[in-house]
Amino acid sequence: MRKILGFTTLVALIIFALVLFVESSTISDTDAAADVSSDGGPSSTSFHGIPFLTSMEITDPQIAPKYGINGYLHISNSPETPSELTLGEYEQCLVFLLRFVSFSPEVTETQVTLDPSGSGLSIEQVCKTGTFKVNDLISYNVSKTITIKAGETIPVALILHKPPANFAGWVSFPAGPVGISANVPIIDDTEVTVYG
Amino acid sequence: MAKALIMIMLATSFFLSSIAQVTADQPYVGGYLDGTVVNGSRVIADVYFRDTDYSSIPSSKWLGTVISVAGALNNNPITNPSGVVYQNGLLLLSNGSVRWAPQAWLIGYPLCYYEKSVGNCYYVAYYERIDISSPSVTYKIFAYPSGQSHDNDNPAIYTWLNQTYAGDTTFLIGKQLHDGVYYKHFQFGVESNQRITETQWSVGNNMVAYYNGTAWYYYSGKTATYGNNAITWASGSAWGIGGEAYAGVDAVETDAQYVRWNYSGTSVSNDVSLWTQSGISYDWVSKPYQ
C-alpha cells in the first residue's frame, strides 16, 4: 500500500513538473530569443515576437494577465435594443450594457468616460450629399464619468437623433457606444444598424 | 489511497486544462515596403476576406489581416525608433463576422486595445489606416458593405482615437540595417491565433501605401516571414510581428500594391518579390485617402 501511495505521488509530481515545462515552453515560443541573421551577416541580437490580441485572448483569465491585462470593459446591446431599427420622425433611445470584468482581486473598479465628442469610438457615414458624424447625433443619459465595479453591469441609455436633413441619400448607418473610453481594454459587442 | 487518487486527479486536470489554455502560437506571414527608410504620418491597406469559407474556421480560431508600423521620435528615421508598434487589424470569425482590433505594443506588452464588430466577410472592401499626429494616433476602418457603396464611395468610417506612446511623432516606413538585422518598419500580412488548416482560405491586401506629407506613396513589396520580420528594436532586442511562421501560406496572386495570401499547403519564402513597382498610389475610391 505504501509503495502504491509513493508511486502515485511520484506520478502526480511528474505530471505537475510537465505542466510547468509546457507553460514555460509555450510562453517562450512567442518570446523565443534567437540569433537573428540578416543579409548584413551574423547577428547576436535576440528576436521576440509581438502577438496580436483579440477578445478571445483578452477575455481569457489564463492568457490576458500574462500581457499585463487585469480586466476589460464589455459593452453589449441590452435585450430591448434591436440590432436593426428604422429611424422614424422622432429620436430613438438605445440602451447598452457596460460590464467590467476583473481578473485581479486588487482591481475592484474602473473609471469609464462617456463623451461623444471625446476619445474612443467615432462613427461617420458618407452619403451622397456629404458625411455626417454619428457622434453628433448621440447624447448619453449618464454623467460624463462613471465608476463600474468589478462584476457590475450598468445600463447606459443614449438618445439617437436623426441626421440633419441636408444629409440625403443615406440608406443605413451603424450606431454604437461612441466616445467611451476606459483604462482597460474595451470589447464592444454592440450591433445596431439604423435605416431611414 | 484516496488522497493519492485525489492528488492524481487534481494534477491531471490541471495539466489538461493548461494544455487547452496554452498561449496561442500566433502564426504570421506578411509583406513590407522595401525602400530607404523615410518618415510617414499615415499608412493604409485595403483588405478583404470574401474568398474564404468562414464556416470552416473553427470557433476557437480567428483569421486576421494586420498592418503594423513602427513609431519613431523627433523625425529621425535612421536611429530613433521608439520601440512602439502600432497595429490595425481585422479578424474573420467562424460565424462570418468581421471584428476590428486596433492596438499598440511596446516590449511585448499591449499599450492600448479596442475591439468592435464592423461587418462581415462579404463586404466588398475594408481599408485599414493608422494616422499619427502627436499626441494622437487615430485608427480607422473604412467599411464598404456593397458594390454600390464602393462605386459611390459611401463607406461607414470607424475611428478610434488614442494617444501616441514614448513621445512618437512619426512612423517609419521602409527597411534599414541596424546591428546586423534588417528592420522592415511597415508590414502588412495575415495572422491567426492558431494555424487555420481546415479550409483553403484567402485574404487580400491591396493598395498598400504610406502618406509622405504630400501624397500616398508605395515602394516595391517583398515578403517577410516570421523570424525575418523584425519591425523595431527596443531594450537591446529585435521585435517582429507574430509568434511563428504561418506554414502552408503562399502569395498566390500579386500585382502592384497587391497580394493575395492563400492557405494551400505551400509556404512562401522570405524576401520574395511581391511587386517591383513604386510610386504614387492611385485608387478607385477617395474617402480612405482624405
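Residues numbered from 1 in each chain as written. Chains lettered and ligands numbered in written order. Predicted model: local features only at pLDDT ≥ 70, side-chain atom pairs only at ≥ 80, totals over all residues. Heavy atoms only, no water.

**Here we look at the overall build of chain B**
Piece 1. Looking only at helices and strands, chain B features 2 helices and 25 strands.
Piece 2. The buried share among the 290 residues of chain B stands at 62%.
Piece 3. Excluding contacts between residues fewer than 6 apart, the proportion of contacts in chain B whose partners are at least 24 apart in sequence is 69%.
Piece 4. Carbon and sulfur atoms provide 50% of the accessible area of chain B, an area that totals close to 9900 Å². (Helix = DSSP H or I, 4+ residues; strand = E, 2+ residues; numbered from the N terminus. Buried < 20%, exposed > 50% of the residue type's maximum accessible area, 1.4 Å probe, protein only. Contact = heavy atoms within 4.5 Å. Areas by Shrake-Rupley, 256 points an atom, 1.4 Å probe, with all protein chains shown as cover.)

**Points about the overall build of chain A**
Piece 1. On a plain count of helices and strands, chain A comes out with 2 helices and 14 strands.
Piece 2. The buried share among the 196 residues of chain A stands at 46%.
Piece 3. Summarising the internal contacts of chain A: among those between residues at least 6 apart in sequence, 67% fall at separations of at least 24.
Piece 4. A total accessible area of about 9500 Å² is found for chain A, and carbon and sulfur atoms account for 55% of it.

**Thoughts on unusual backbone geometry**
Apart from glycine, the bulk of residues carry a negative phi angle, and the bulk of peptide bonds sit in the trans form.
All names here are of chain B.
Piece 1. At the junction of Ser134 and Pro135, the peptide bond is cis and its omega measures out at 10 degrees in the coordinates.
Piece 2. Of note, Pro135 is situated in the loop between strand E9 (125-133) and strand E10 (136-144).
Piece 3. Phi is positive for Ile107, close to 50 degrees, though the residue is something other than glycine.
Piece 4. Looking at where Ile107 falls in the secondary structure, it is placed in the loop between strand E7 (103-106) and strand E8 (109-120).
Piece 5. Exposure remark for Ile107: the relative accessible area of 34% places this residue in the partly exposed category.

**Observations concerning the side chain of B:Thr138**
Piece 1. Summarising the element assignment, B:Thr138 is placed in strand E10.
Piece 2. Apart from residues no more than four positions distant in its own chain, B:Thr138 is found in contact with B:Arg129, B:Ile130, B:Asp131, B:Thr159, B:Trp160 and B:Leu161.

**Looking at the confidence of the model for chain A**
Piece 1. Summing up the model confidence of chain A, the mean pLDDT is 83 and the portion of residues at 70 or higher is 78%.
Piece 2. Across residues 15-41 of chain A the pLDDT falls below 50, and counting only partners more than four positions away or on other chains, this stretch makes 54 contacts in the model. (pLDDT = per-residue confidence, 0-100.)

**So, the packing of aromatic side chains**
Piece 1. Scanning the model with the defined rule gives 26 aromatic pairs over all chains in all.
Piece 2. An aromatic cluster is defined as three or more aromatic residues linked by ring pairs; in this entry it consists of B:Trp100, B:Tyr114, B:Tyr139, B:Tyr158 and B:Trp160. (Phe/Tyr/Trp six-rings, centres within 6.5 Å; stacked < 30°, edge-to-face > 60°.)

**Examining the sheet that holds strand E3 (residues 84-86) of chain A**
Residue and element names in this part refer to chain A.
Piece 1. Overall, mixed pairing links the 3 strands, which are arranged E3-E14-E11 in an open sheet. The strands lining the two open edges of the sheet, one partner per strand, are E3 and strand E11 (172-175). Pairwise comparison of adjacent strand axes, ignoring direction, gives a mean angle of 30 degrees for this sheet.
Piece 2. As paired elements, E11 and strand E14 (residues 192-195) share 4 bridges and run antiparallel to each other. (Pairing = 2+ DSSP bridges. Axes fitted to C-alpha atoms, helices over the stretch in contact; angles between N-to-C directions.)

**Some words on the layout of surface pockets**
Piece 1. Considering only enclosed or pocket space, the largest pocket measures out at about 790 Å³ in volume.
Piece 2. Residue assignment for the lining of the largest pocket shows that the elements contributing at least two residues are strand E6 (120-127), E11 and E14 of chain A together with E8, helix H2 (147-151) and strand E11 (156-163) of chain B.
Piece 3. When residues in the lining of the largest pocket are grouped by element, the largest group, 5 residues, is from E8(B).
Piece 4. Of the residues belonging to the lining of the largest pocket, the class tally is 16 nonpolar, 15 polar and 4 charged.
Piece 5. Volume-wise, the second largest pocket comes out at about 440 Å³.
Piece 6. A:Ala182, A:Asn183, A:Val184, A:Pro185 and B:Leu111 are the residues nearest the centre of the second largest pocket, which is lined by 28 residues in total. (1 Å grid on protein atoms, 1.4 Å probe; cavity = no way out; pocket = protein on both sides within 12 Å on 5 of 7 lines; lining within 4 Å. Points joined across faces, edges and corners; volume = space filled by probe spheres on them. Nonpolar A, V, L, I, M, F, W, Y, C, P; charged D, E, K, R; others polar.)

**So, the pattern of salt bridges**
Piece 1. The final tally for this structure, using the stated rule, is 12 salt bridges over all chains.
Piece 2. The shortest N-O distance in the salt bridge between B:Lys222 and B:Asp34 comes to 3.2 Å. Of this pair, B:Lys222 sits in strand E18 (residues 220-225) while B:Asp34 sits in strand E1 (residues 27-34), placing them 188 residues apart in sequence.
Piece 3. A relative accessible area of 16% places B:Asp34 in the buried class.
Piece 4. Linking B:Glu253 and B:Arg260 is a salt bridge whose minimum nitrogen-to-oxygen distance equals 3.1 Å.
Piece 5. Under the relative-accessibility criterion, B:Glu253 is labelled partly exposed at 34%.
Piece 6. One salt-bridge network, in which partners are shared between bridges, spans A:Asp189, B:Arg99 and B:Glu115. (Salt bridge = Lys/Arg side-chain N within 4 Å of Asp/Glu carboxyl O.)

**So, the pairing of strand E4 (residues 63-72) of chain B**
Residue and element names in this part refer to chain B.
Piece 1. Across the 10 residues that make up E4, a large majority, 10, are buried.
Piece 2. Direction of pairing for E4 relative to strand E5 (residues 81-92): antiparallel, over a ladder of 9 bridges. Bridge assignment links Gly64 to a residue of E5, and that residue is Leu91.
Piece 3. In this structure, E4 lies alongside strand E15 (residues 186-192), joined through 7 bridges in antiparallel fashion. Residue pairing across strands places Val66 opposite Gly189, the latter belonging to E15.

**Looking at the sheet that holds strand E9 (residues 145-149) of chain A**
Each strand in a sheet pairs with its neighbour through backbone hydrogen bonds, running either in the same direction (parallel) or in the opposite one (antiparallel).
Residue and element names in this part refer to chain A.
Piece 1. Read from one edge to the other, the open sheet built from 3 strands follows the order E9-E5-E12, with strand pairing classed as antiparallel. The sheet is open, and its two borders are formed by E9 and strand E12 (180-182), each paired with just one other strand. With strand direction ignored, the average angle separating the axes of adjacent strands in the sheet is 30 degrees.
Piece 2. Relative to E9, strand E5 (residues 109-114) runs antiparallel, the two sharing 5 bridges. If you follow Thr110 over to E9, its bridge partner there is Ile148.

**So, the environment of B:Gly221**
All names here are of chain B.
Piece 1. As for its position among the elements, Gly221 is in strand E18.
Piece 2. C-alpha of Gly221 to C-alpha of Gln257: the two residues are 36 residues apart in sequence and 7.2 Å apart in space.
Piece 3. For Gly221, the contacting residues outside a window of four places in its chain are Tyr32, Val272, Ser273, Leu274 and Trp275.

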